[in-house]
Amino acid sequence: MATETIYHSIIESDVPARLDRLPWSRWHWLVVIALGITWVLDGLEVTLAGAIGAVLKRPDALGLTGHRRRIFRHQLRH
């Protein structure tokens, strides 16, 4: 049975310290604000979908009759 010797060495880096010294700029604020707005809108979408989802499942909710209802159901499945 062959045994392999693995040498572990410690690599020291000054990259984290250099990144910490970078200034916080306008670009960073724009990214944070954009992500926050996106998060809020995503939560709003989920809330609205949950609130009206059950109502839209009723056959009379959209006023569809006969053939249109079958087409709508077929499109929802695919």
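The structure displayed is predicted, hence computed values, not measured ones.

Cut-off values and rules
- Residues numbered from 1 in each chain as written.
- Predicted model: local features only at pLDDT ≥ 70, side-chain atom pairs only at ≥ 80, totals over all residues.
- Heavy atoms only, no water.
- Helix = DSSP H or I, 4+ residues; strand = E, 2+ residues; numbered from the N terminus.
- Areas by Shrake-Rupley, 256 points an atom, 1.4 Å probe, with all protein chains shown as cover.
- Expected span 1.5 Å × (residues − 1).
- Bend = angle between axes of the 7 residues up to and from the residue.
- Phe/Tyr/Trp six-rings, centres within 6.5 Å; stacked < 30°, edge-to-face > 60°.
- Buried < 20%, exposed > 50% of the residue type's maximum accessible area, 1.4 Å probe, protein only.
- Polar contact = N/O pair within 3.5 Å; in protein donor to acceptor, adjacent residues only side chain to side chain.

K.L.:
Explain the overall build of the chain here, please?
P.N.:
Looking only at helices and strands, the chain features three helices and zero strands. Ordered by position from N to C terminus, the α and β elements of the chain give α-α-α. Accessible surface for the chain amounts to roughly 8,100 Å². Of this, 64% is attributable to carbon and sulfur atoms.

K.L.:
Please clarify how helix 2 (residues 26–56) should be interpreted in this entry.
P.N.:
Two residues of an α-helix separated by three or four positions point the same way, owing to the 3.6 residues in each turn. In this model, helix 2 (31 residues) spans 44 Å end to end at C-alpha, consistent with the 45 Å of a helix rising 1.5 Å per residue. The sharpest bend along helix 2 comes to roughly 30 degrees, located at G50.

K.L.:
Explain the packing of aromatic side chains to me, please; I cannot follow it from the model alone.
P.N.:
Both the distance between ring centres and the angle between the ring planes are used here to describe each pair of aromatic rings. Counted under the stated rule, the structure contains one aromatic pair. Arranged with centres 5.7 Å apart and planes meeting at 80 degrees, the rings of W24 and W29 form a pair that is edge-to-face.

K.L.:
What exactly am I supposed to notice about the environment of S13 here?
P.N.:
For S13, the position within the fold is in the segment before helix 1 (15–20). Of the residues examined, S13 reaches a relative accessible area of 51% and is grouped as exposed. Among the polar contacts listed, one links the side chain of S13 to the backbone nitrogen of V15, at a separation of 3.1 Å.

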